[in-house]
Amino acid sequence: MIRVEHLTKTFGEYPALDNIDFEVQPGSVFGLVGPNGAGKTTLIKTIMGILLPDRGRVLIDGHDVHRNPGIKARVGYVADDQGFYPHFKVRDMIKFYRNTYVNWDEKRFQELWHLFPLPEGKRVRHLSKGMRTRLAVLLNLSIAPAVLVLDEPTSGLDPVLRRQLLNILVDEVAHRQTTILISTHNLNELERICDRIGIIHNGRVLFNESLEEMKQNVRKIQVAVNEPLPEEFLKQANILKVERRGRVYTIVVRENPGGVMAELERYRPLLLETIDMSLEDIFIYRMGGMGYGLEQTIAQ
Amino acid sequence: MGWNKLLPNKTLLWKESKNSWVMAAAFFGYITFGASFKLIKEILTYLDWQRMNNHQMADTFYGMYDIARLLSFNEASAGFGSVLITIMLAATMLGRERDLNSFNFLLAMPYSRREIIYNKFMYGWTQIAAIFGLNALIMTLLLWTVPGIEFPFHAADIWAWALRNILVLGFVFSFTMAISSISGTTFGNGLLAMIFLYFPLGLSLLIMFNLNYWNIMFRHALFLNTDIVLLLTVPTYIMQDDVLLEQNLPLVYGVLLVLTGGLYQLTQYLFNKNHLEKNGEVLVFEQFEWFFKLGTALCFTLLGGPLAMRLFFPHSGHTGAAPGVIIYLLLAVSFWFAVHYLIKWRKTV
């Protein structure tokens, strides 16, 4: 289990993390989402003990990561920029991990090695970005982690490998009860594997909800009416976005979509239905609601 | 730290050796070439002369006296080279991790910051001790096994040479590591260590340069006392004999050993305080910047003062104090702002 308590970190005057609190339950997958510069990587680096917090603490299975680094023997870490020594050969990296982690699982390593074969004699600097990510995944899954922290793990992987990696993560949770914290910009991937999602913006976790809650809280309603809907109705605080094409309105609503549906019934609609939204849509509309413009989000 | 944790971590030492083997090999080659190899070469030359019955040449045997001089500190270039390689070895140990961004994955592993630093120190100290220990052993064996040569030194001299070098270079290594814990890149670490290690010698030379220009004879002033300046410039301990031989050697080297231990603790403290978020900057701790700026402005003013005086008053040997004070102040302020904006510019790049 990962427990983050009052985590605060500033870079000079800039608050990178602002009193962050959340928990990742054992055997679950927690997805961390946020625009560039929101504080995702800083949060992950602080959770891993790479950065020291100004205030607050990170507990992994009840142990403070910064006071008891030994607990990291049970934590795997896969980052976008892993920082492996470029002059090390693949076999050197394997040796380094094998000798560092007491829980090294040789059987698991051999299984994964067949799945993600890599040239043993090649230096890290000569590996492609995708190969380096594969090496990081291979090594960090071979340590039999109780907790796995991944920062943009699928960047640089081709679609086949990406799917393979996601399947492995699902398998880790299902068969080994591994706790996973994953940060990625690819929200479609998160949607497939996450139990809960945390949206981080300006160093604060704005939402921390299960995928179901998140989907229920933000809904897209399509309504066709003979007469235009009144402006006052469309300006309600919980209506995030309105699009009109002729007599058809598409309304994005957060919180209490049922109430909006009931109100729309009063206008005798020709058509009234809710449409499922993807996590990506929810993220975009929610961030738009927090003053982070749709254009900016799409520009990411 | 518990006693069991005083044992170095084999995996971290292995990692250090993989990271620094080029530097270590260069260091070993340099010392071995200047000590053991040179002794072997001189012995072979001597034996050749003996075979050729060239007793006159064999009697003078100058080469062997070079070895004797090396053992009694006199080889200044050898000493400076050792200091330089030691600085480079230490500067890369922390700097390279920052340059490669490898602290990210190292600190994500189940190693504490203290353990990482401790093993870096153990690797560096062991490296230095092994290089000199091995050379001393080879030289002692040669001394004992080659018959018929009157060596102008004893085995004790060889081991004293090795011990002096281990102590001084151990200090230089620790000093550079301490500097590296507050500095950024490998280059920055090395440069700052060089500046601060030779600071007493450099500053006294600058002061003497200025006093000479102004014809102020202040020979007995404390800060100009050569003995004190050389004692404060630790790297010269393996290059100068006349100052040190007058001193209480066990006391001097004892103090050096304590200082080395203190520098190790200081490095641990500073590295633990260093939050690493400012990779690549010259100085990681902003609060040290004023000291850095002040030192740079002072040194450049002392260097540039007499030169500026010659430029503005080329024909007057003695211009009086007032123009001099103004020029020195202007230089100090200019250099302060130059460094200030240089640091500011670096932060934006």
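Cut-offs applied
- Residues numbered from 1 in each chain as written.
- Chains lettered and ligands numbered in written order.
- Predicted model: local features only at pLDDT ≥ 70, side-chain atom pairs only at ≥ 80, totals over all residues.
- Heavy atoms only, no water.
- Helix = DSSP H or I, 4+ residues; strand = E, 2+ residues; numbered from the N terminus.
- Buried < 20%, exposed > 50% of the residue type's maximum accessible area, 1.4 Å probe, protein only.
- Contact = heavy atoms within 4.5 Å.
- Areas by Shrake-Rupley, 256 points an atom, 1.4 Å probe, with all protein chains shown as cover.
- Pairing = 2+ DSSP bridges.
- Axes fitted to C-alpha atoms, helices over the stretch in contact; angles between N-to-C directions.
- Salt bridge = Lys/Arg side-chain N within 4 Å of Asp/Glu carboxyl O.
- Core = buried A, V, L, I, M, F, W, Y, C linked by side-chain atoms within 4.5 Å.
- Domains from an automatic or database assignment.
- Phe/Tyr/Trp six-rings, centres within 6.5 Å; stacked < 30°, edge-to-face > 60°.
- Right-handed = clockwise from strand over helix to strand, strands pointing away.
- pLDDT = per-residue confidence, 0-100.
- Polar contact = N/O pair within 3.5 Å; in protein donor to acceptor, adjacent residues only side chain to side chain.
- Buried area = accessible area lost by both parts, 1.4 Å probe.
- Nonpolar A, V, L, I, M, F, W, Y, C, P; charged D, E, K, R; others polar.
- Patch = residues over 30% accessible without salt bridge, like charges linked within 9 Å, V, L, I, M, F, W, Y side chains within 5 Å.

1. A word on the overall build of chain B
Then, number 1: A tally of regular secondary structure across chain B gives 15 helices and 0 strands.
Then, number 2: Burial statistics for chain B: of 349 residues in total, 48% are counted as buried.
Then, number 3: Of all intrachain contacts in chain B linking residues separated by at least 6 positions in sequence, the fraction that spans at least 24 positions is 78%.
Then, number 4: Carbon and sulfur atoms provide 70% of the accessible area of chain B, an area that totals close to 17700 Å².

2. So, the sheet that holds strand β11 (residues 218-224) of chain A
All names here are of chain A.
Then, number 1: Reading across from one edge, β12-β13-β11-β14 is the order of the 4 strands in this open sheet, with antiparallel pairing throughout. Edge positions in the sheet fall to β12 (239-245) and β14 (271-275), since each of these pairs with one other strand and no more. For this sheet, the mean angle separating the axes of adjacent strands, direction not counted, is 15°.
Then, number 2: Each of β11, β13 (248-254) and β14 touches helix α9 (residues 257-265); the most contacted strand, β11, lies at about 10° to it.

3. What about the pattern of salt bridges?
Residues and elements named next belong to chain A.
Then, number 1: In total, this model carries 20 salt bridges over all chains according to the counting rule given.
Then, number 2: Between Asp64 and Arg67 there is a salt bridge; the shortest N-O distance is 3.7 Å.
Then, number 3: Taken together, the salt bridges that share partners define one network made up of Lys107, Arg108, Glu111, Asp171, Glu172 and Arg176.

4. Observations concerning the nonpolar core
Then, number 1: In this structure, A:Met93, A:Tyr97, A:Leu135 and B:Phe153 are the most contacted members of the largest nonpolar core, which totals 157 residues.
Then, number 2: Per element, the largest residue contribution to this core is 14 residues, and it comes from helix α8 (residues 155-182) of chain B.
Then, number 3: There are two domains that each give this core at least three residues, and those are domain 1 (2-202) and domain 2 (214-299) of chain A.
Then, number 4: In this structure, A:Leu229, A:Val253, A:Val260 and A:Leu264 belong to the second largest nonpolar core, which totals 12 residues.

5. A short note on unusual backbone geometry
Then, number 1: With a phi close to 50°, A:Glu152 is a non-glycine residue in the positive phi region.
Then, number 2: Even without a glycine there, the phi angle at B:Asn101 is positive, about 65°.
Then, number 3: Note on placement: B:Asn101 falls in the loop between α5 (76-100) and α6 (103-107).

6. As for the packing of aromatic side chains
Residues and elements named next belong to chain B.
Then, number 1: One pass over the structure, following the stated rule, counts 34 aromatic pairs over all chains.
Then, number 2: Consider the rings of Phe103 and Phe271, whose centres lie 5.4 Å apart with planes at 45°: the pair is tilted. With Phe103 in helix α6 and Phe271 in helix α13 (residues 249-273), this residue pair connects regions lying 168 residues apart in the sequence.
Then, number 3: For Phe103, a relative accessible area of 4% gives the class buried.

7. Considering the pairing of strand β8 (residues 179-183) of chain A
Residues and elements named next belong to chain A.
Then, number 1: Burial of β8 is extensive: 5 of the 5 residues sit out of reach of the surface.
Then, number 2: Burial along β8 is two-sided: Thr179, Leu181 and Ser183 and Ile180 and Ile182, pointing in opposite directions, are all buried.
Then, number 3: As defined by bridge partners, strand β3 (residues 29-33) adjoins β8 across 4 bridges and the pair is classed as parallel. In the strand pairing of β8, Gly31 is matched with Ile182.
Then, number 4: Handedness of the crossover joining strand β7 (residues 147-151) and β8 through helix α5 (residues 159-176): right-handed.

8. Some remarks on the confidence of the model for chain A
Then, number 1: Overall, the prediction assigns chain A a mean pLDDT of 87, with 96% of residues at 70 or greater.
Then, number 2: Mean pLDDT values for the elements of chain A range from 43 in helix α11 (residues 294-299) of chain A up to 96 in helix α2 (residues 90-100) of chain A.

9. Focus on the side chain of B:Lys120
All names here are of chain B.
Then, number 1: You can see Lys120 is positioned in helix α7 (residues 113-145).
Then, number 2: Since its relative accessible area comes to 0%, Lys120 is described here as buried.
Then, number 3: Within polar-contact distance, the side chain of Lys120 engages the side chain of Glu16 at 2.9 Å.
Then, number 4: Beyond its immediate stretch of four places on either side in the chain, Lys120 contacts Lys15, Glu16, Met93, Leu94, Glu97, Phe173 and Met177.

10. Quick notes on the interface of chain B and chain A
Then, number 1: With 24 residues of chain B at the interface, the matching set in chain A holds 31 residues.
Then, number 2: Together, the buried faces of chain B and chain A total about 2500 Å²; carbon and sulfur atoms form 63% of this surface.
Then, number 3: Applying the counting rule to chain B against chain A returns 1 salt bridge.
Then, number 4: Among the salt bridges present, the one from B:Lys18 reaches A:Asp92, with a minimum N-O distance of 3.2 Å.
Then, number 5: Along the contact surface separating chain B from chain A lie 8 residue pairs in polar contact (both at pLDDT 80 or more).
Then, number 6: Elements supplying a minimum of two residues to the side of chain B that touches chain A: α1 (10-34), α5 and α6 of chain B.
Then, number 7: Looking at the side of chain B that touches chain A, the element that brings in the most residues is α1(B), giving 5 residues.
Then, number 8: Class assignment of the residues belonging to the side of chain B that touches chain A gives a composition of 10 nonpolar, 8 polar and 6 charged.

11. As for the sheet that holds strand β1 (residues 2-11) of chain A
All names here are of chain A.
Then, number 1: If you walk across this open sheet you meet the 4 strands as β2-β1-β4-β5, and the pairing is antiparallel. In this open sheet, the two edge strands, each paired with only one partner strand, are β2 (14-24) and β5 (63-64).
Then, number 2: In this sheet, strand β4 (residues 55-60) lies alongside β1 in antiparallel orientation, the contact comprising 5 bridges. The residue bridging Ile2 from the neighbouring strand is Ile60, located in β4.
Then, number 3: With respect to the sheet, helix α1 (residues 40-47) is in contact with β1, β2 and β4, its orientation differing from that of β2 by roughly 60°.

12. Let's talk about a nonpolar patch on the surface
Residue and element names in this part refer to chain B.
Then, number 1: Taken together, Phe28, Ile40, Leu44, Leu134, Leu137, Ile138, Leu141, Trp144 and Trp159 make up a surface patch of nonpolar side chains, about 840 Å² in accessible area.
Then, number 2: Put simply, the parts of the chain that give the nonpolar patch at least two residues each are α2 (36-51) and α7.
Then, number 3: Broken down by element, the nonpolar patch gets its largest block of residues, 5 residues, from α7.
Then, number 4: Mapping Phe28 onto the fold places it in helix α1.
Then, number 5: By relative accessible area, Phe28 is classed as partly exposed at 31%.

13. Considering the environment of A:Met131
Residue and element names in this part refer to chain A.
Then, number 1: Within the element layout of this structure, Met131 appears in helix α4 (residues 129-142).
Then, number 2: According to the relative accessible area criterion, Met131 is buried, its value standing at 18%.
Then, number 3: It is 8.8 Å that separates the C-alpha atoms of Met131 and Phe116, two residues lying 15 residues apart in sequence.
Then, number 4: Contact partners of Met131, with chain neighbours within four places excluded, come to Leu118 and Pro119.

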